[in-house]
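Spelled out, the chains give:
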Amino acid sequence: MSFSERTNTTRWIIISICFLIISLILWNTYTFFQIFKNEERLKMKLFVNAQITILNANENTDVELPLQIINNNTSIPAVVILFDKVVSATNVPDEILKNKKKRNSYLNRLRNENEPITFEYAPGKYQTLYYGNSGLLNKLKYYPIALFLIIVLCVALIYNFYKSTKMATQNKLWAGMAKETAHQIGTPLSSLIGWVEILKTEDIDPSISLEIEKDIERLQTITDRFSKIGSIPVLEPRNIIEETKNAYEYLQSRFSKQVEFSFKAPQEPIYVMINPTLHSWTIENLVKNAIDAMKGRGTLDLQIEQDAFNIKINIKDSGTGILKKQFKTIFEPGFTTKKRGWGLGLSLTKRIVEEYHNGKIKVLSSEIGKGTTFQISLNKKVQ
């Protein structure tokens, strides 16, 4: 049996034991409830006998015990009825007894809780006792519900802990794989740098080696990104306009001319605490996501704005648009509308912006068939 199979078996055993414990507790509570209910009915039968004794008492009858039985009933609501008239009532508010409509409603409620006791207090003469559940019995009735909710809460906490632990383990695994990938790419990358230097000595067009150098630098950037996964990135003051423009123009040179790129930003530099490698990754993810939404054809506008406290980067495309109900779910891991996709791009972008750069990212606006605008907000304060 594999480890995963043993884990699943253990999990189902624990779940089965939990259900068994819950069932035993509920059954035990129900048993106690019935025992108390029967005891209260016996008390009411004694109450009836005491009532009969008092109604038929004469000067020689000892009524001390019957009166004690009636007066000791301080928890069970009881009403004795004769021909739709109240003969006596115990533990019942006067406002109910004085209002006929409320009284009838109250008697119906008592009838639903317990079967009334009809007794013959004299030959051919009958009265009916209506009684309800005591406060203790009512509390016991709701005890299984409270217990069940507590158990559900505990199960939810255990599940959340298990899920969080599992996600943490997976994150460590992915981080380890990413770092190992970066390490493995480093060796052939060093060789490529050497080959480029050799090419420069040959009689070839310099623009060819220049473009190869750009792609090698890009690979080095990607390797650096992977090596940073799982680590706390170092933030440094950088000109956000220059960093964004460099990443944007590199992508512009690598995509089809059917995509019309535009870039608009203030002329003066704006310094923000960022990690340049991760920031370029953010821009790349949003640009690629936009181009996918446009199916490789359309207009893509990047605009940088600022106010007193924040710098805002708006990336607008002319793609298919996003439904309003998906504005938040698109940032969840695994969410994708592509036939081939992992659904990690926007999730990773959100993590880089909000967790590493203490910024915000959101869908600023979107219209089906017309396009979407994403907005990144970063604090202008330079530490």
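From a predicted model like this one, the values you see are computed outputs, not experimental measurements.

Asks: I'm lost on the pattern of salt bridges in this one. Help?
Replies: A side chain of one charge can pair with a side chain of the opposite charge when the charged atoms of the two come close. For the structure on display, the rule yields nine salt bridges. Between Lys245 and Glu249 there is a salt bridge, and its shortest N-O distance comes to 3.9 Å. One end of the pair, Lys245, and the other, Glu249, are both in helix α7 (residues 240–254), four residues apart, so they sit about a helical turn from each other. Between Lys288 and Glu284 there is a salt bridge; the shortest N-O distance is 2.7 Å. One end of the pair, Lys288, and the other, Glu284, are both in helix α8 (residues 276–293), four residues apart, so they sit about a helical turn from each other. We classify Lys288 as partly exposed; its relative accessible area is 36%.

Asks: Can you walk me through the sheet that holds strand β2 (residues 85–90) in this structure?
Replies: Hydrogen bonds between backbone groups are what pair the strands of a sheet, and the pairing can be parallel or antiparallel. What the four strands build is an open sheet, ordered β2-β1-β4-β3; its pairing is antiparallel. Strands with a single pairing partner mark the edges of an open sheet, and in this sheet they are β2 and β3 (117–122). Strand after strand, the sheet turns through a mean of 25° between neighbouring axes, direction not considered. Pairing analysis gives five bridges linking β3 to strand β4 (residues 125–131), with the strands arranged antiparallel. Paired with Thr118 across the bridge in β4 is Thr128.

Asks: Help me understand empty space enclosed by the protein in this model?
Replies: Any empty space left between the atoms is revealed when a probe the size of a water molecule rolls over them. Here the structure, examined in full by the defined rule, presents one cavity of 30 Å³ or more. Taken as a whole, the largest cavity holds about 40 Å³ of empty space. Around the largest cavity sit Ile274, His279, Thr282, Ile352, Val353, His357, Ile376 and Leu378, which together line it. Breaking the lining of the largest cavity down by element, the ones donating at least two residues are α8, α9 (345–356) and β11 (371–379). A class-by-class count of the residues in the lining of the largest cavity yields five nonpolar, three polar and no charged.

Asks: Please clarify how the UniProt feature "transmembrane region" (unreviewed entry) in the chain should be interpreted in this entry.
Replies: Listed under "transmembrane region" (unreviewed entry) in the UniProt record, and renumbered for this structure, are residues 12–36 and 142–162. Between the end C-alpha atoms of residues 12–36 there is a gap of 36 Å, over a span that is 100% helix and 0% strand. The straight-line gap between the two end C-alpha atoms of residues 142–162 is 30 Å; of that span, 100% is helix and 0% is strand.

Asks: Help me understand the nonpolar core, please; the structure alone is not making it clear to me.
Replies: One broad rule of soluble globular proteins: the nonpolar side chains tend to lie buried together. Grouped together as the largest cluster of nonpolar side chains are 34 residues, with contacts concentrated most on Ile240, Val287, Leu300, Ile313, Phe374 and Leu378. By residue number, the principal contributor to this core is α7, which donates six residues. Each residue touching Phe374, except ones within four places of it in the same chain, is listed here: Leu286, Asn289, Ile313, Asn314, Ile315, Ile322, Ile330, Phe331, Leu346, Lys362, Val363 and Leu364. Ala78, Val80, Tyr121 and Ala122 belong to the second-largest nonpolar core, a separate cluster that totals 15 residues.

Asks: Mind showing me how you'd approach helix α4 (residues 100–113) here?
Replies: Because the α-helix completes a turn every 3.6 residues, residues three or four places apart line up on one side. Between the first and last C-alpha of α4 there are 20 Å, a value that for 14 residues agrees with the 20 Å anticipated at 1.5 Å per step. Of the residues making up α4, those classed as buried are Arg103, Tyr106, Leu107, Leu110 and Glu113. For α4, the angular spread of the buried residues around the axis is 115°, confining them to a single face. Those residues of α4 that are exposed and aimed more than 90 degrees away from the buried face are Lys101 and Asn112.

Reading the values: rules and limits
Residues numbered from 1 in each chain as written. Predicted model: local features only at pLDDT ≥ 70, side-chain atom pairs only at ≥ 80, totals over all residues. Heavy atoms only, no water. Salt bridge = Lys/Arg side-chain N within 4 Å of Asp/Glu carboxyl O. Helix = DSSP H or I, 4+ residues; strand = E, 2+ residues; numbered from the N terminus. Buried < 20%, exposed > 50% of the residue type's maximum accessible area, 1.4 Å probe, protein only. Pairing = 2+ DSSP bridges. Axes fitted to C-alpha atoms, helices over the stretch in contact; angles between N-to-C directions. 1 Å grid on protein atoms, 1.4 Å probe; cavity = no way out; pocket = protein on both sides within 12 Å on 5 of 7 lines; lining within 4 Å. Points joined across faces, edges and corners; volume = space filled by probe spheres on them. Nonpolar A, V, L, I, M, F, W, Y, C, P; charged D, E, K, R; others polar. UniProt positions renumbered as here; feature names shortened; annotations may be inferred. Core = buried A, V, L, I, M, F, W, Y, C linked by side-chain atoms within 4.5 Å. Contact = heavy atoms within 4.5 Å. Expected span 1.5 Å × (residues − 1). Arc of directions from axis to C-beta.

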